[in-house]
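One-letter residues, chain by chain:
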Amino acid sequence: MDQETLEQTRQTLRRYVRERLVPLEQQVAEEDRIPDEIRAEFAGMGLFGLSIPEEYGGLGLTLAEEVELVFELGWTSPAFRSMFGTNVGIGSQGILIDGTPEQKQAWLPKLASGEVIASFALTEPEAGSDAASVRTRAERQGDHYVINGTKRFITNAPHAGIFTLMARTDPANKGAGGVTAFIVEANTPGITIGRHDRKMGQRGSHTADVIFDNAKVPAANIIGGREGQGFKTAMKVLDRGRLHISAMCVGAAERLIHEAVSYARDRRQFGQPIAEFQLVQAMLADCRAEAYAARCMIRDAARRYSAGETVAMEASCCKYFASEMVGRVADRAVQIHGGSGYIQDFAVERFYRDVRLFRLYEGTSQIQQIVIARQMLKQAEAGTEA
Ligand SMILES: Cc1cc2nc3c(=O)[nH]c(=O)nc-3n(C[C@H](O)[C@H](O)[C@H](O)COP(=O)(O)OP(=O)(O)OC[C@H]3O[C@@H](n4cnc5c(N)ncnc54)[C@H](O)[C@@H]3O)c2cc1C
């Protein structure tokens, strides 16, 4: 996309987010549901296909372009983004990166248009951070695999048309090499979706267990056609996903800063707006400095990713810093609101709960620290430190 079109798209999205979505936030939180017409509007704007190439009907944005739009999306409740987030990220990218030409043709146009929702099913009751230890079993029987197991906390599972499923095809190999990625149609007999998880926040976006009980999946649905590649596929998807989530954190931080500044200018104590107290200003300044730092990091890493560089360590640095940063910003925004910050009529109360998730999924903060430190030690060993 050329710079001018990108800037126009960003401005359009900015207006849409602020004028159309922000007024719906409270309703979405109360009803735990995004109105149907919003899904149609997202589809009309091409949001389901942000990262899918134009030849499959998507917008084909580079990651550097995508993060500029995600900074805008983060301004509103993250539940809105979740509706198309799995199609843009973890649900579609495995097919895009490692899928066969037939798999790409079959699914990417439907994911790009929003006709089909894709979910990414990796986590299990006994396999979270240690994702390579998945136990869900895919056993070959002729030209099919029979799947048994339970996946946990799967975003958009209740709405999914397909799952990108990680299952163990080689029980003798307990590690990553025994895991294979499949495209599984959600209406396959033997699949049951659990009840919606009752989450701390992000109401309007839904996660649930997905239970596989002798679900038969054609062997042709292995992503890329080869067993044992699934974990590698999942890891390739994560760098992009982590930068996308980091950009969401910056958008949310900007919204929280906006709410905090507005409140501080209006609220008067001791005969003056609280914004004039330097202790309040210090909290505002800390928010601005940290949000700015995160934005710069993400832009740098996304640009390097788009130029073909490997940025696994930088993506983890961004996810770690940005998700922790927005937690601190949300905490300060609540503090600046005083008692009102604890009351549900104020957006900061909801955002405080919503942004907590960013430190947990797509790799907890501790997992990001491990990825970063491992890479540092490897570089030291090789004598290639920055
Ligand atoms: C709302 C929501 C949506 C989600 N969506 C999806 C989805 O769409 N698809 C999907 O597959 N998964 C999804 N997840 C799952 C999510 O990715 C996992 O919850 C996450 O990876 C952590 O795994 P866990 O919950 O099992 O925690 P655990 O791995 O049990 O971690 C518990 C604690 O131990 C720490 N810990 C674990 N290992 C280490 C270590 N080696 N060193 C130091 N500390 C460690 C962790 O950092 C954490 O603090 C979602 C989760 C939530 C809550």
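A quick note: this is a predicted structure, and the numbers were derived from the prediction, not measured.

Student: So what exactly am I meant to see when it comes to the pairing of strand E5 (residues 179-185) here?
Tutor: Remark: a regular strand shows side chains that alternate across the two faces of the sheet. With 6 of 7 residues buried, E5 is to be regarded as a mostly interior element. Relative to E5, strand E4 (residues 162-168) runs antiparallel, the two sharing 7 bridges. In the strand pairing of E5, Thr164 is matched with Ile183.

Student: Would you take a moment to explain the site of the ligand for this structure?
Tutor: The environment of the ligand is made up of 17 residues, and the closest members are Phe120, Thr123, Ser129, Thr155 and Thr364. Take Thr364: an N or O atom from its side chain is 2.7 Å from an oxygen atom of the ligand. One of the side-chain nitrogen or oxygen atoms of Gln366 is found 2.7 Å away from an oxygen atom of the ligand. For the shell around the ligand, the secondary structure elements donating two or more residues are strand E3 (144-155) and helix H12 (365-382). In terms of residue count, the dominant contributor to the shell around the ligand is E3 (3 residues). Of the residues that constitute the shell around the ligand, the class distribution is 8 nonpolar, 7 polar and 2 charged.

Student: It is not clear to me how the nonpolar core should be interpreted in this structure. Could you clarify?
Tutor: It is characteristic of soluble globular proteins that their nonpolar side chains tend to be buried jointly. The biggest cluster of nonpolar side chains holds 67 residues, and the ones touching the most others in it are Phe42 and Val326. Contributions of two or more residues to this core are made by helix H1 (3-21), helix H3 (36-44), helix H4 (63-73), helix H5 (78-88), helix H8 (230-266), helix H9 (278-306), helix H10 (312-336) and helix H11 (347-354). Tallying contributions element by element places H8 first for this core, with 13 residues. When neighbours within four sequence positions are excluded, Val326 is seen to be in contact with Cys249, Ala252, Ala253, Leu256, Val355 and Phe358. In terms of nonpolar packing, the next biggest core, distinct from the first, is built from 26 residues, Val116, Phe120, Ala132 and Val134 among them.

Student: I'm lost on the pattern of salt bridges in this one. Help?
Tutor: Pairs can form between side chains of opposite charge whenever their charged atoms are close. This model, assessed by the stated rule, comprises 24 salt bridges. Linking Glu25 and Arg255 is a salt bridge whose minimum nitrogen-to-oxygen distance equals 2.8 Å. Pair noted here: Glu25 is in helix H2 (residues 25-31) and Arg255 is in helix H8, with a separation of 230 residues, a long-range link. Both residues of the pair, Glu25 and Arg255, belong to the buried class. The salt bridge involving Asp300 is made with Arg303; its shortest N-O contact spans 2.9 Å. Of this pair, Asp300 and Arg303 both sit in helix H9, 3 residues apart, roughly one helical turn. Its relative accessible area of 29% is what places Asp300 among the partly exposed residues. By relative accessible area, which is 49% here, Arg303 ends up partly exposed. Through salt bridges with shared partners, a single network forms among Glu7, Arg10, Arg14, Arg18 and Glu72.

Student: Mind showing me how you'd approach H1 here?
Tutor: Each turn of an α-helix holds 3.6 residues, which means side chains three or four residues apart point in the same direction. Taking 1.5 Å per residue as the helical rise, H1 with its 19 residues ought to reach 27 Å, and the 25 Å between its terminal C-alpha atoms agrees with that figure. Of all the residues in H1, the buried ones are Leu6, Arg10, Leu13, Tyr16, Val17 and Leu21. Looking down the long axis of H1, one finds its buried residues gathered within 130° of arc, a one-sided arrangement. Of the exposed residues in H1, those oriented more than 90 degrees away from the buried face are Glu4 and Glu19. On its buried face, H1 sits against H2, H3, H4 and H5. The backbone nitrogen of Glu4 lies 3.1 Å from a side-chain oxygen of the residue at the head of H1, namely Asp2.

Student: Explanation requested: the side chain of Arg295 in the structure shown.
Tutor: You can see Arg295 is positioned in helix H9. If near-sequence neighbours (up to four positions away) are discounted, Arg295 is found in contact with Phe71, Val250 and Glu254.

Student: Mind showing me how you'd approach the environment of Ile367 here?
Tutor: With respect to the helices and strands, Ile367 occurs in helix H12. Residues Ile367 and Tyr320 lie 47 residues apart in sequence; the distance between their C-alpha atoms is 8.9 Å. Setting aside chain neighbours within four positions, we find Ile367 in contact with Ser129 and Arg242.

What counts, and at which threshold
Residues numbered from 1 in each chain as written. Predicted model: local features only at pLDDT ≥ 70, side-chain atom pairs only at ≥ 80, totals over all residues. Heavy atoms only, no water. Buried < 20%, exposed > 50% of the residue type's maximum accessible area, 1.4 Å probe, protein only. Helix = DSSP H or I, 4+ residues; strand = E, 2+ residues; numbered from the N terminus. Pairing = 2+ DSSP bridges. Near = heavy atom within 4 Å. Polar contact = N/O pair within 3.5 Å; in protein donor to acceptor, adjacent residues only side chain to side chain. Nonpolar A, V, L, I, M, F, W, Y, C, P; charged D, E, K, R; others polar. Core = buried A, V, L, I, M, F, W, Y, C linked by side-chain atoms within 4.5 Å. Contact = heavy atoms within 4.5 Å. Salt bridge = Lys/Arg side-chain N within 4 Å of Asp/Glu carboxyl O. Expected span 1.5 Å × (residues − 1). Arc of directions from axis to C-beta.

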